[in-house]
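Chain and residue survey
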Amino acid sequence: MSVASILSGKSTNVITTTPDMSLHETAQTMAQKGIGAIIVIGASGEIVGILSERDIMRAIAESGAAALDHRVSTHMTKKVVTTDLASSAVSVMQRMTAGRFRHMPIVEDGKLAGVVSIGDLIKHRLSQLEEEQQALKEYIATA
Ligand code: AMP
């Protein structure tokens, strides 16, 4: 299964923030939208970073409530690993496991096409396994 088929079941509206936004405002956006990571976009619309709930947690652990006034740029990960629509779900899961992160931005033709989380990937993998199991049961019952 490709990333494209997983993205087709999700909203096409990708939630983003900017490097100069505060952690507080960004955390509010993430909480409202129910997302665990947000893509940070530069002045020309390019991806300049990713900020996840882990980064916000670490910032608060280090600086306390003052961290909420810090800029996103201070705590985001700048070297973002991305993939494209043709990638397989399994290869994306492998890259997430190796890199120890749970979010993967999808870039197509230089544009941000979406984000998949480890939760999206597991959900699709489970339903695929269920379908395969059902097909096997039916095959055995009729054999
Ligand atoms: P997560 O497990 O996605 O909450 O993220 C754990 C750490 O990895 C955080 O520091 C994130 O900023 C970073 N991170 C998340 N996704 C990516 C990605 N696709 N590329 C690089 N770093 C990432």
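Overview of the structure. (Residues numbered from 1 in each chain as written. Predicted model: local features only at pLDDT ≥ 70, side-chain atom pairs only at ≥ 80, totals over all residues. Heavy atoms only, no water.)

Around the ligand, 13 residues are found, and the nearest of them are Ser52, Asp55, Thr77, Arg102 and His103. Note that an oxygen atom of the ligand is positioned 3.5 Å from one of the backbone N or O atoms of isoleucine 50. Between an oxygen atom of the ligand and a side-chain N or O atom of arginine 102, the distance comes to 2.7 Å. Contact with the protein chains removes 92% of the 480 Å² of surface that the ligand exposes when unbound. (Near = heavy atom within 4 Å. Polar contact = N/O pair within 3.5 Å; in protein donor to acceptor, adjacent residues only side chain to side chain. Areas by Shrake-Rupley, 256 points an atom, 1.4 Å probe, with all protein chains shown as cover.)

The next subject is the pairing of strand β4 (residues 103-108). Note: β4 against strand β5 (residues 111-117), six bridges, orientation antiparallel. Each residue of the ladder has a partner; that of valine 107, found in β5, is leucine 112. Hairpin connection from β4 to β5: two residues lie between these consecutive antiparallel strands, with aspartate 109 at a positive phi of about 55 degrees. (Pairing = 2+ DSSP bridges. Helix = DSSP H or I, 4+ residues; strand = E, 2+ residues; numbered from the N terminus.)

Strand order in this open sheet of three strands is β1-β2-β3, and the pairing throughout is mixed. Each edge of the sheet is formed by a strand with only one pairing partner; in this case those strands are β1 (16-17) and β3 (47-52). For β1 and strand β2 (residues 37-41), the ladder comprises two bridges, and the chain directions are parallel. By the bridge assignment for β2, threonine 17 is matched with valine 40.

Mapped onto the elements, arginine 102 comes out in the loop between α5 (89-99) and β4. It is 22 Å that separates the C-alpha atoms of arginine 102 and histidine 24, two residues lying 78 residues apart in sequence. Look past the residues within four positions of arginine 102 in its chain and what remains in contact with it is Glu53, Arg54, Met96, Val116, Ser117 and Ile118. (Contact = heavy atoms within 4.5 Å.)

Take the side chain of aspartate 120 next. When you line up the elements, aspartate 120 lands in helix α6 (residues 118-142). With near-sequence residues (within four places) excluded, aspartate 120 lies in contact with Ile6, Lys10 and Val115.

Moving on to the environment of glutamate 46. Looking at where glutamate 46 falls in the secondary structure, it is placed in the loop between β2 and β3. For glutamate 46 and alanine 113, which are 67 residues apart along the polypeptide, the C-alpha to C-alpha distance reads 12 Å. Apart from residues lying up to four places away in sequence, glutamate 46 is in contact with Val40 and Ile41.

Here α5 crosses α6 at 140 degrees, and the two axes come no closer than 10 Å. In terms of their interaxial angle, α5 and α6 are classed as oblique. As for how α5 packs across α6, the hand of that crossing is left-handed. On the side of α5, the interface is formed by Ala89, Val92, Met93 and Met96, while α6 contributes Ile118, Leu121 and Ile122. In terms of residue class, the contact of α5 with α6 is made up of seven nonpolar, no polar and no charged. (Axes fitted to C-alpha atoms, helices over the stretch in contact; angles between N-to-C directions. Parallel < 35°, antiparallel > 145°, perpendicular 65-115°, else oblique. Left-handed = near helix turned anticlockwise from the far one by under 90°. Nonpolar A, V, L, I, M, F, W, Y, C, P; charged D, E, K, R; others polar.)

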